[in-house]
Every structure is written in C-alpha cells, then in structure tokens.
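Structural overview for review
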Amino acid sequence: MASSNKIETRYLQEEEYSLWDAFVDQSPEGTIFQKSIWLRPLAKFQHLNFSIAACFKGGKMIGGLAFTWKKKFGVFPIIQIPLKTPFFGPVFMSSNTRYRSKI
C-alpha cells in the first residue's frame, strides 16, 4: 500500500510532549534548546505561554516547532525567544529522497 502524501499539522497536547522530546533526540538538527524539558520551565519562569506545533505524514511525526509566546497589548500573539536559549527554530526529520523536498 502506498503511503499518503497528506501532511497534518496540529498543536500537541501536553501528554504528547514526550513524543516531541524523543523526536528532537532523533533529528540531526535537534538540540536541548528545542525540547519541552528546556522550554516549558523557562516559559513558566518568564510568564510566557508554551506550545508545540507538529507535522505528521502517515501518522508519523516529520517536523515541528516548539515555541514560547505572549499576547502583546493583551490581543496580538507574538513569539518570544526565552532567555538562555541560544537556538530556537524548527526541527525536521531527515528524508531519504533525491528530490528538492529533502533540501
């Protein structure tokens, strides 16, 4: 059976954060600074919100972004990099393809 090319993107629930941390460990680009065990305590300390948006293909996580955010003027949500976090960005799983999508 062929795999689906459909990609689902959604926010992870708090009980799924351990899946995200395991995904970051497996990714060549993943660092401690993208894991929930790093970002969640810093977000709480700095009074920021914490979220993880993940992409799934065929039920398997293929990428995502863990981020902290706050509402500016109580209305507009903006991403804010927490203190003591030198790297903050998306994480992708490497792909065995010869096409541009790998790049």
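Owing to the predicted nature of the structure, the values given are computational and were not obtained by experimental measurement.

Quick look at the overall build of the protein chain
When helices and strands are counted, the protein chain shows two helices and five strands. Order of helices (α) and strands (β) in the protein chain, N terminus to C terminus: β-α-α-β-β-β-β. Burial statistics for the protein chain: of 103 residues in total, 32% are counted as buried. Expressed as a percentage of contacts within the protein chain between residues at least 6 apart in sequence, the contacts between residues at least 24 apart total 53%.

A word on the nonpolar core
Counting residues in each nonpolar core, the largest one holds 17 residues, and the members touching the most others are L12, W20, F50, I52, M61 and A66. Secondary-structure elements contributing two or more residues to this core are helix 1 (17–26), helix 2 (36–45), strand 2 (49–57) and strand 3 (60–72). Filtering out sequence-adjacent residues up to four positions away, I52 remains in contact with R10, Y11, L12, Y17, W20, S36, L65 and A66.

Observations concerning the environment of Q34
As for its placement among the helices and strands, Q34 is situated in the loop between helix 1 and helix 2. For the pair Q34 and G89, spaced 55 residues apart in the sequence, the C-alpha separation amounts to 7.3 Å. Once residues lying within four places of it in the same chain are set aside, the contact partners of Q34 are W20, V24, E29, L39, A66, F87, G89, P90 and V91. Within the structure, the side chain of Q34 is placed 2.7 Å from the backbone nitrogen of T31, a separation counted as a polar contact.

Considerations on helix 1
Taken together, the buried positions of helix 1 are Y17, W20, D21, F23 and V24. An end-on view of helix 1 places all buried positions within 160° of arc, on one side of the element. Away from the buried face of helix 1 by more than 90 degrees, exposed residues L19, D25 and Q26 are located. On its buried side, helix 1 packs onto helix 2, strand 2, strand 3 and strand 5 (91–92).

Notes on unusual backbone geometry
Of note in the backbone geometry, H47 takes a positive phi value of approximately 60° without being a glycine. A positive phi angle, near 60°, is found at F73, a position not held by glycine. Within the fold, F73 resides in the loop between strand 3 and strand 4 (76–79).

Some thoughts on the pairing of strand 4
Sheet topology note: the strand 3/strand 4 ladder contains four bridges and is antiparallel. Bridge pairing in strand 4 links K72 to F76. Taking the residues that link successive antiparallel strands as the turn, the strand 3-strand 4 hairpin has three residues, and the phi of F73 there is positive, at about 60°.

Reading the values: rules and limits
Throughout, a residue's number is its position along its own chain's written sequence, starting from 1. Confidence filtering applies because this is a predicted model: local features only for residues at pLDDT of at least 70, side-chain atom pairs given and counted only at 80 or more, and all residues used for totals across whole chains, interfaces and linings. For side-chain calculations, the full set of non-hydrogen atoms in the structure is used, while hydrogens and water are omitted. Labels follow the DSSP assignment, with helices taken as runs of H or I lasting at least four residues and strands as runs of E lasting at least two, numbered in each case from the N terminus. Any residue under 20% of the maximum accessible area for its type is buried, any over 50% is exposed, and the rest in between are partly exposed; the area is computed with a 1.4 Å probe on protein chains only. For this analysis, residues touch if any pair of their heavy atoms sits within 4.5 Å. Nonpolar core, defined: a set of buried Ala, Val, Leu, Ile, Met, Phe, Trp, Tyr and Cys residues in which side-chain atoms within 4.5 Å join the residues together. Polar contacts, as used here, are pairs of N or O atoms within 3.5 Å; protein pairs need one atom able to donate a hydrogen and one able to accept it. Residues neighboring in sequence count only if both atoms are side-chain atoms. Think of the arc as the fan of directions from the helix axis to the C-beta atoms. Whether two strands pair comes down to DSSP finding at least two bridges between them.

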